[in-house]
Each structure stands twice: as structure tokens, then as C-alpha cells.
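An overview of the molecular structure
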Amino acid sequence: MTAIATGTLLNPLNSSMIALALHSIQDDYQLSFAMVSWLISGFYLVSAVGQPVAGKMGDLIGRKKLFLTGLVIAACASLAAPIAPAFAFLLIFRLLQAAGSSAVYPSGVSLVHDYIAHEKQGTALAVLAISASVMTAFGPTVGGFLIVWGGWPSIFYVNLPFICVSFILGCLVIPKDVKEEKLRIRTLLARLDLIGMALFSFGIVSLLWFLLELEHAPQFFALIVSVICFTALACFEWHCKRPFIDVRLLKENHRLTEVYLLFILMNLVNYCLFYGMPNYFQSGLKLSVRTSGAMMLFMSAASVAVSLLCGRWIERKGTEIPIKVSAALTAAGAVFLLFAVGSGLGFIGTVLILFGIGYGICNVALQAAMLDAVQAEAVGVSSGLFQTCRFIGSIGSTAILGLIFGSSVTQAHLSELAWFLIAISVLALLISFCFFRGNRPPDFD
């Protein structure tokens, strides 16, 4: 678990840590903010596409092999990025970093599925969720200290100790991949369903491009391309012998489809608060950066604290009740947020604790439900798609916040955000109560 956790935290750490480095990178390379922000957008795009693709690769060539390969790619990118002679090279190394860290998560979850006893998988997933939550929540703070100490290159070098620990332990303790045959390159390419991967990649990139530009100038052409690609993907995968995304399984396995949909909705709520509330604290309430960061700790600390307890809860009771409780707490938090407009910081902090507990529970419970809903040979790609749902929710939140907040943030804007979150959380609550019945789907064996 130490080997896997220290590897899987790389992606959330690097997705959030760079936030405070953008200004320094912008000055060093003499760029506009729009240009340098591609270090964030590009990371999200590669991660959203790369995780399910890497998951499929792991299902075919072996999870340990992919896990270690991803670590090597991430290490090379982290070493090369600080000495990039031009911004174009820095962006390329950043995208390689995203690709390497994206290979680590689905293979890591698959290794948990393969080698951790079923009755202990809830706690194991909670460990991974805590690692990701801690790194996401405290990434900007860690990045700030590192930049003061060693400039923006230090946010890349800090990855190396984690990578070394994960790689050495992974080589020593993760069991060898067991494969019936050694796949040749031609056979591997045939089994990878390259057409399906290409359609999925173009579709998700077009969709995320549309969401990212929604605030400035909506790119409806990108939305049309996305719809065409996903429609073609569904038709092609339906008849494919070895589909990248088994749409027939999604049609028949309603539980897995519900897990993905619910995870998108819960991440949409979570990241609207994660990115939106600091803006409200600083622009709307005129709080300092330090005070705003302290307020956000209510949410992140609650999420981290409840995750491990949730793991044990799932091991005893299954996933149904925790999923419903998380949706109910999120809906309650959204309603209370409406009354937080004009209230004191203590009440707002309590509301953020509710949201944090709700998201902490769902983050672990939905991962466990996803593992329960798929066959062993599809765990890798399913885990990757699970993470893609997280990125869709996070990028969708930035588009929503751009539309609601605009150029200024007032208490009226917070009310609008609260109504939006109420609508999304009530939909999530209905899904959890109407469709999640029974702790586990039928046994595939």
C-alpha cells in the first residue's frame, strides 16, 4: 500500500501544486496568463484521456509493468521540466508528467483489486483517497513554500523522492504480473482498439475544450465534434470484439453507469466549492489569503478525516448506505449554503464541513462500488474512466464558476452558486436513492 499510495498521489499533487507557480513561470518566459494556464488545462486534458487508456494497457500488458513504467516517465519529466529552454518544452514535459502519473493510478487501483483481500479493500481504497485528498487540498500550500525556497523548478523536483520510494518498493513487494502469453507489438496494437481510443480521445478533448472556453467565447464547434465522436464511439464499440469501452457492459451494468454519473455530479459540487469559495472569501468578504486558506481547511480536513472511517464502514456494511448518506449530506450542505450568505465565518465553516464529509464518503464508497461492479480483467480501464469522471467534474466546475462569478464576486453570486449546487446535489440524491439498491451486484464468478 505504501508503494501504491506514494505513486498514486503524484497526479493530484501536481494538478494542484502548480497553481502558485504560474506567476513565476509567466515572468520567466514573458508570456500571457492565458498561454501559461495551458500548464493546468493541458495536464487535465492528458489526465482525462490518459487514465482510461493507461488502464486498458495495464489490463493487457500487466499492472506492475505499467505502474513502474509510469513512474519512470514521471521521473524523466520532473527532471527535464526545470531546465526547459523554452515554454514549449516545459509544456511538453508537463504533458509527459501527466501521462506518467496517469498510468500510475489505474494500475495502482487494479493492484489493490488483485492483491488486497476483498474484505480489506475498503480501507485500502480509503488510504488512496486520503493520499489524493491531502495532496489536492494542500498542494497549493506546499507549492507556495517550495517556490519561496527554490523557485518554481522545485515543484517538479519534489516529485522525485515520492517516485523513488514508490519505484523501489514497487520493484520489491508488488507481485510479478501473471500473463498467459507474451504479446507481440502487432497483437498488442490489435487488442488495444486504437479506433475506439482515438474516438474517445477526440471526444473528451473536444468536450473539455468546450467547457474550458465556455466563460470567454463558447466553442460550439468543439461541442458538435464531441457529440459526433461519442456517437461514433458508441456505435463502433457496440460491434467491436475487444472494445476499449464496453458500451454493452455499460448498458447492461446499470450500477457501473450510475457510479460514473454520480461521481461526475459529486465532483462538480466539490470543485465548485474548492475553486469558488476562496474567490468569495477574498473578493466578496475581503478576507486575507491566509484566512481564506484557513477557512478551506474546514472542508479538506473533514474530507480527509472521514475517508479512513468510511473505509471500515464499507467493509462492514457495503457501499449502498454510505453512498446515500454522502449524497444526503451534500444536499444538506447546499441548502445551508443558501443561508450562509451574510452569515458569520463559523456558520460557513460548518457548511464546508458538511460538504467535506459528504465528498470524503462518496470518494471512497464510489471507488468501492466501481470495483464491485466490474470483472477483474476490466478493472484498469474502469478505474481510468472513474478518474476521467473526476476531471470532467473539475473542469465543468471552472466553466460554471466563470458563468456565475464573472469579473466580480458578491453575496448575490454566492446565492446563485448555492441554487446551482442544490439542483446538482438533489439530482445526485435522487440517483443514489432510486438506483443504488443492494450493496453489491451479482457475483461475476
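Residues numbered from 1 in each chain as written. Predicted model: local features only at pLDDT ≥ 70, side-chain atom pairs only at ≥ 80, totals over all residues. Heavy atoms only, no water.

So, about the overall build of the chain. Each helix and strand in the chain was counted, giving 20 helices and 0 strands. A buried classification covers 55% of the 445 residues belonging to the chain. Relative to all contacts within the chain whose residues are 6 or more apart in sequence, the contacts with residues 24 or more apart total 82%. Total accessible area computed for the chain in this model is approximately 19,100 Å², and 69% of it derives from carbon and sulfur atoms. (Helix = DSSP H or I, 4+ residues; strand = E, 2+ residues; numbered from the N terminus. Buried < 20%, exposed > 50% of the residue type's maximum accessible area, 1.4 Å probe, protein only. Contact = heavy atoms within 4.5 Å. Areas by Shrake-Rupley, 256 points an atom, 1.4 Å probe, with all protein chains shown as cover.)

Now for the environment of isoleucine 361. Of note, isoleucine 361 is situated in helix 18 (residues 345-373). The class of isoleucine 361 is buried, set by a relative accessible area of 4%. Taking the C-alpha atoms as reference, isoleucine 361 lies 9.2 Å from alanine 126; in sequence the two are 235 residues apart. When sequence neighbours within four positions are dropped, the list of residues in contact with isoleucine 361 reads Val306, Cys310, Trp313, Pro322, Val325, Ser326 and Leu329.

Let us now look at the packing of aromatic side chains. For the coordinates displayed, the defined rule picks out 7 aromatic pairs. Between phenylalanine 210 and phenylalanine 220, the ring centres sit 5.9 Å apart and the planes meet at 50 degrees, which makes this aromatic pair tilted. On the criterion of sequence distance, the pair formed by phenylalanine 210 in helix 12 (residues 194-212) and phenylalanine 220 in helix 13 (residues 220-239) is long-range, its members being 10 residues apart. Assessed through its relative accessible area of 10%, phenylalanine 210 is described here as buried. Judged by centre distance (6.5 Å) and plane angle (90 degrees), the ring pair of phenylalanine 336 and phenylalanine 347 falls under edge-to-face. Of this pair, phenylalanine 336 sits in helix 17 (residues 320-339) while phenylalanine 347 sits in helix 18; the two residues are 11 residues apart in sequence, bridging distant segments of the chain. The class for phenylalanine 336 is partly exposed, based on a relative accessible area of 38%. Ring pairs connect the aromatic residues Tyr29, Phe87, Trp152 and Phe156, which therefore count as one cluster. (Phe/Tyr/Trp six-rings, centres within 6.5 Å; stacked < 30°, edge-to-face > 60°.)

Attention now goes to the packing of helix 15 (residues 254-284) against helix 18. Running from N to C, helix 15 and helix 18 cross one another at 155 degrees; their axes reach a closest spacing of 10 Å. One element, helix 15, and the other, helix 18, form an angle in the roughly antiparallel class. As for how helix 15 packs across helix 18, the hand of that crossing is left-handed. Of the residues belonging to the contact of helix 15 with helix 18, the class tally is 20 nonpolar, 4 polar and 1 charged. (Axes fitted to C-alpha atoms, helices over the stretch in contact; angles between N-to-C directions. Parallel < 35°, antiparallel > 145°, perpendicular 65-115°, else oblique. Left-handed = near helix turned anticlockwise from the far one by under 90°. Nonpolar A, V, L, I, M, F, W, Y, C, P; charged D, E, K, R; others polar.)

The subject of this paragraph is the nonpolar core. Counting residues in each nonpolar core, the largest one holds 122 residues, and the members touching the most others are Ile25, Leu90, Met277, Leu337 and Leu421. Beyond its immediate sequence surroundings of up to four residues, leucine 337 is in contact with Leu273, Val351, Phe355, Leu414, Ala418 and Leu421. (Core = buried A, V, L, I, M, F, W, Y, C linked by side-chain atoms within 4.5 Å.)

With that settled, consider helix 3 (residues 22-29). Among the residues making up helix 3, those that are buried are Leu22, Ile25, Gln26 and Tyr29. For helix 3, the angular spread of buried residues about the axis comes to 105 degrees, placing them on one side. Turned more than 90 degrees away from the buried face of helix 3, the exposed residues are His23 and Asp28. One or two positions beyond helix 3, positive phi appears at glutamine 30, with a value near 55 degrees. (Arc of directions from axis to C-beta.)

The next thing to look at is the packing of helix 5 (residues 38-61) against helix 6 (residues 63-80). Where helix 5 meets helix 6, the closest approach of the two axes is 7 Å, and the angle between their N-to-C directions is 135 degrees. Between helix 5 and helix 6, the crossing angle belongs to the class labelled oblique. Two secondary-structure elements touch here, helix 5 through Ala54, Met57, Gly58, Asp59 and Ile61 and helix 6 through Arg63, Lys65 and Leu66. Across the contact of helix 5 with helix 6, the residue classes tally to 4 nonpolar, 1 polar and 3 charged.

Side chains of Val72, Phe167, Ile168, Leu172 and Val173 sit close together on the surface and give an oily, nonpolar patch of about 470 Å² of accessible area. No other element matches the 4 residues that helix 10 (residues 159-173) contributes to the nonpolar patch. Turning to its location among the elements, valine 173 is positioned in helix 10. Of the residues examined, valine 173 reaches a relative accessible area of 56% and is grouped as exposed. (Patch = residues over 30% accessible without salt bridge, like charges linked within 9 Å, V, L, I, M, F, W, Y side chains within 5 Å. Salt bridge = Lys/Arg side-chain N within 4 Å of Asp/Glu carboxyl O.)

On the secondary structure map, isoleucine 321 appears in helix 17. For isoleucine 321 and serine 432, which are 111 residues apart along the polypeptide, the C-alpha to C-alpha distance reads 9.2 Å.

Under the criterion given, the structure shown has 1 salt bridge. Residue glutamate 320 pairs with lysine 324 through a salt bridge whose shortest N-O separation is 2.7 Å. Linking glutamate 320 with lysine 324, this pair stays in helix 17, spanning 4 residues, or about one helical turn. Considered together, glutamate 320 and lysine 324 belong to a single accessibility category, that of buried residues.

Model confidence for the chain is summarised by a mean pLDDT of 81, while 88% of its residues fall at 70 or above. When mean pLDDT is compared element by element in the chain, helix 10 scores highest at 93, while helix 11 (residues 185-191) scores lowest at 61. Note that residues 439-445 has pLDDT below 50 and, in this model, 17 contacts with residues that lie over four places away or in other chains. (pLDDT = per-residue confidence, 0-100.)

Let us now look at a positive patch on the surface. Together, Lys120, Arg312, Arg316 and Lys317 make up a region of like positive charge exposed at the surface. Secondary-structure assignment places lysine 317 in helix 16 (residues 289-317). (Lys, Arg positive; Asp, Glu negative; His and termini not counted. Charge placed at Lys NZ, Arg CZ, Asp CG, Glu CD.)

The subject of this paragraph is the environment of aspartate 177. By secondary structure assignment, the location of aspartate 177 is in the loop between helix 10 and helix 11. Between the alpha carbons of aspartate 177 and lysine 65 there is a distance of 7.3 Å; along the sequence they are 112 residues apart. Excluding anything up to four places from it in sequence, aspartate 177 contacts Ile61, Gly62, Arg63, Lys64 and Lys65.

Right, let's get into helix 5. Within helix 5, the axis deviates most sharply at glycine 50, by approximately 35 degrees, and proline proline 52 lies no more than four positions further along. Just downstream of helix 5, glycine 62 is the residue with a positive phi angle, here 120 degrees. (Bend = angle between axes of the 7 residues up to and from the residue.)

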